[in-house]
Amino acid sequence: MDSARNIDNKTGKGYWVLLRNEGNAVPLAHASIAEFYAGAWSPETYHLVAQKKQAKELFEKEFELYPHLKSKYIRHYLKTLDLNDSHEKSIFIRELDFYANLPTLTEWDYLTGISNFYHLLGEEELSRHYKSEVFRRFPKGSWALQTESLQSLKDAYLTNDFQKIYDIYLDFKKTYVPRIPDEWTRRVLTNRGVQLLTKVAEAYKGPEMPTFWQNEVDSLPAEYRKYAYTTSARLVLRSTSRNLALGELLSRRSVEEHRLRLHDPRIPIERPYLTDSMVQSRRNVDLAEAIEQHAKYLTLLKRHSEALPLLREAAITLTKGSKAAINHSYIQCLIELGMVAKARQEIEAILKRNGKIDPDFIAKYDQVFKSKNSLSDVEHQLREERRITIQNEFINVPFPRDLSLQDYRGNAIALGDLTGKILVIDFWASWCAPCIAGLPGMSDLAKRYKEESDVLFLFVNTSDSNRPKALQLFRRMPQHTLYFDNFSSVASSLDVTGLPTKLVVDKGFNIQYRKIGISSDLNDDVRELSDVIEILKSR
């Protein structure tokens, strides 16, 4: 970082140094860097982009120096090969055969490695064969247990009867808990058990949870207790019965659990590649969201004065005005208590700190404040400043002109023919929960620009072997066209290393914006994309 606090990361490539011993690269020196550049450790977290060509060269150097390490890194090496290049495709086929015949394959090698790679080659019969090998070779393994136990959760979602859901939970616990083979499966099945407990809470009609439920939750590891209370409170709030007394109790316990763990040592689920400050920021947001949920119950119970200091802590202290939904709750609570001047003051303070409040929210309450100086004018000025900040972060990477996609009827679309349009590309998959969570907001944004011929949204299904499921999910958005990225070749060409990934391409065919994953507040993503589109339209 220079004196102006600008990050120098070699235009997204980063800097690295090989570990050496007496002048020779030590084992794993090349491969550990290659693994990162291949996308294994989310390089975008560090404001870097995947470098597949460099990753390929580093892997090959590692294998040349230390051939015995090839089996350890073969899965990540295969991801660096370009299937559109005939030479690299032949290498891919040869190395995939090597991978498939290794003697010590795990169930995850079969499932997320070999089966998926044969799918990328269009070898669906082989892909299905290796996926079935998981169940044949590991009948008591993690994936078999996860798949089998999913039926319990489906059964629980088909009924609202408290006793039936409780019986499903008891049967799940009796059937699966004694069979857990490893720590990963323990985490997955513990999470599934918690999901069942939250359904028990949703169906319960009393003001306090029964002792058995409390005992089950209290016996869970800390991270699961937080999840149990938070999700149970959310389900109760959404239920038709709206048991406010029970929901208030559950949401209060959720806040208590989050506070207790706010500064605890890091836990395995908090990824090792995240810095301590990133982890702390995420914990602050989690606590703020738990507080907001508790405050919703308090306001529904007409206890606004209790909710106000909690909401201020969530909006101002914990998230620094960065979460629009929490800010809205805080401002609404001030207005409900008759503190209109304070509400306006807080809105201006949040906006001046580059915080987030939706324009529609501001327009709604401009009428309440009846002020000479419109809050919308303040918001407009600050929005312009944010637009300048976004424009200064444009990446300006050339977009390849030789790529093509297929629609669901099999018709090809050559992306090179779309020069002169602003392209908004959303890469997603049917197995990716964050992708699916973000689709409704993307659909709304696309509808907003539907009549503008110079803006085109491309919803691209990639790295997905379940095309029927993708089509079924997309039927909820009939006004848009779904495109398929065969063999994930387009995603590979564009260095898409995680899903969802959103790209915005300007009219001159340069990628200006790239976003991997989703924000905790999905409205933030839509708002930022809209700003990017408007900037590019004005050029």
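Each chain carries its own residue numbering, running from 1 in the direction its sequence is written. Per-residue local features are limited, in this predicted model, to residues with pLDDT of at least 70; the limit for side-chain atom pairs, both in listing and counting, is 80 or more; totals at the level of whole chains, interfaces and linings are taken over all residues. Water and hydrogen atoms were dropped before computing side-chain values, which therefore reflect all heavy atoms in the structure.

Caption draft 1: Main features of the overall build of the chain. Strands here mean DSSP runs of E at least two residues long; helices mean DSSP runs of H or I at least four residues long; both are numbered from the N terminus. Secondary structure summary: the chain contains 22 helices and 10 strands in total. When we talk radius of gyration, it's over C-alpha atoms, and the globule rule is simply 2.2 Å times the number of residues to the 0.38. Relative to the globule expectation of 24 Å for 539 residues, the C-alpha radius of gyration of the chain, 26 Å, shows essentially globular dimensions. Projected onto its principal axes, the C-alpha coordinates of the chain cover approximately 70 × 65 × 60 Å. Classification of the 539 residues of the chain by burial places 50% in the buried group. Put simply, of all contacts in the chain between residues at least 6 apart along the chain, 65% involve residues at least 24 apart. Here the Shrake-Rupley method, with its probe set to 1.4 Å, supplies the accessible areas, and only the displayed protein chains count as covering residues. Of the accessible surface of the chain, which amounts to about 27400 Å², a share of 51% is contributed by carbon and sulfur atoms. To sort residues, take the accessible area from a 1.4 Å probe on protein chains only and compare it with the maximum for the residue type: under 20% means buried, over 50% means exposed, and anything in between is partly exposed. Should any heavy atoms of two residues lie within 4.5 Å, those residues are considered in contact.

Caption draft 2: View of the state of the cysteines. The criterion for a disulfide is a pair of cysteine sulfur atoms lying within 2.5 Å. Counting across every chain of the model gives one disulfide. With its sulfur 2.4 Å from that of its partner, cysteine 432 forms a disulfide with cysteine 435. Residues cysteine 432 and cysteine 435 share a disulfide whose torsion about the S-S bond is about 80 degrees; that sign makes it right-handed. With a relative accessible area of 4%, cysteine 432 lands in the buried category. Its relative accessible area of 2% is what places cysteine 435 among the buried residues.

Caption draft 3: Representation of the nonpolar core in the model. In plain words, nonpolar cores are sets of buried Ala, Val, Leu, Ile, Met, Phe, Trp, Tyr and Cys residues tied together by side-chain atoms within 4.5 Å. The biggest cluster of nonpolar side chains holds 51 residues, and the ones touching the most others in it are Phe399, Ile425, Phe427, Trp428, Phe457, Phe459 and Leu494. Those residues in contact with isoleucine 425, other than ones at most four positions away along the chain, are Phe399, Leu458, Val460, Thr501, Lys502, Leu503 and Val505. Phe63, Leu102, Tyr110 and Ile114 belong to the second largest nonpolar core, which has 35 residues in total.

Caption draft 4: Spotlight on the environment of glutamine 146. Within the fold, glutamine 146 resides in helix α7 (residues 142-157). Expressed as a C-alpha distance, the spacing of glutamine 146 and valine 188, which sit 42 residues apart in the sequence, is 7.3 Å. If sequence neighbours within four positions are ignored, glutamine 146 has contacts with Trp108, Trp184, Val188 and Arg192.

Caption draft 5: Representation of the side chain of glutamate 216. Here glutamate 216 lies in helix α10 (residues 211-218). Residue glutamate 216 is classed as buried on the basis of its relative accessible area, which comes to 18%. Side chain to side chain, glutamate 216 and lysine 173 meet in a polar contact 2.8 Å long. When neighbours within four sequence positions are excluded, glutamate 216 is seen to be in contact with Tyr169, Lys173 and Leu197. In the analysis that follows, any N or O atom pair within 3.5 Å is treated as a polar contact, provided that within protein one partner can donate a hydrogen and the other can accept it, and provided that, for residues neighboring in sequence, both atoms belong to side chains.

Caption draft 6: Expanded view of the packing of helix α11 (residues 222-238) against helix α13 (residues 276-300). Contact pair α11 / α13: the axes reach a minimum separation of 10 Å and the direction vectors enclose 35 degrees. Handedness of the crossing formed by α11 with α13: left-handed. The residues of α13 that touch α11, namely those facing Thr230, Ala233, Arg234, Val236 and Leu237, are Gln293, Lys296, Tyr297 and Leu300. For this scheme, ten residues count as nonpolar: Ala, Val, Leu, Ile, Met, Phe, Trp, Tyr, Cys and Pro. Four count as charged, namely Asp, Glu, Lys and Arg, and the remainder, Gly too, count as polar. Here the residues of the contact of α11 with α13 are counted per class, giving five nonpolar, two polar and two charged. Lines fitted to C-alpha atoms define the axes here, with helix axes fitted over just the stretch in contact, and angles between the N-to-C directions of these axes take values from 0 to 180 degrees. In this scheme the handedness of a crossing depends on how the near helix is turned from the far one: anticlockwise by less than a right angle means left-handed, clockwise means right-handed.

Caption draft 7: Seen up close, the pairing of strand β9 (residues 501-505). Counting buried positions over the five residues of β9 gives five, a clear majority of the element. The alternating pattern of β9 places Thr501, Leu503 and Val505 on one face and Lys502 and Val504 on the opposite face, and all of these are buried. Two strands qualify as a pair provided DSSP detects at least 2 bridges between them. Alignment of β9 against strand β10 (residues 510-516), held across five bridges, turns out to be antiparallel. Within β10, the position partnered with valine 504 by the bridge is tyrosine 513. Linking β9 back to β10 in an antiparallel pair, the connection comprises four residues, with phenylalanine 509 at a positive phi of about 70 degrees.

Caption draft 8: Just the pattern of salt bridges, in detail. By definition here, a salt bridge exists when the distance from a side-chain nitrogen of Lys or Arg to a carboxyl oxygen of Asp or Glu is within 4 Å. In this structure the tally under the stated criterion is 33 salt bridges. Ionic pairing is found between glutamate 95 and arginine 94, a salt bridge with its closest N-O pair at 3.2 Å. Taking the relative accessible area as the measure of exposure, glutamate 95 reaches 6% and is therefore buried. With its nearest N and O atoms 3.0 Å apart, the salt bridge here joins arginine 252 to glutamate 248. With arginine 252 and glutamate 248 both in helix α12 (residues 244-260), this residue pair falls four residues apart, about one helical turn. Look at arginine 252 and you get partly exposed, because its relative accessible area is 34%. It is possible to trace a salt-bridge network through shared partners that takes in Asp218, Arg225, Arg253, Glu256, Glu257, Arg261 and Asp264.

Caption draft 9: Main features of unusual backbone geometry. The residue after leucine 499, namely proline 500, is reached through a cis peptide bond having omega -10 degrees. Mapping proline 500 onto the fold places it in the loop between α21 (489-493) and β9. At asparagine 396, a residue that is not glycine, the phi angle is positive and equals roughly 50 degrees. Structurally, asparagine 396 can be placed in the loop between α18 (375-392) and β3 (397-398).

So far we have only geometry, and geometry alone does not tell us how the molecule works.
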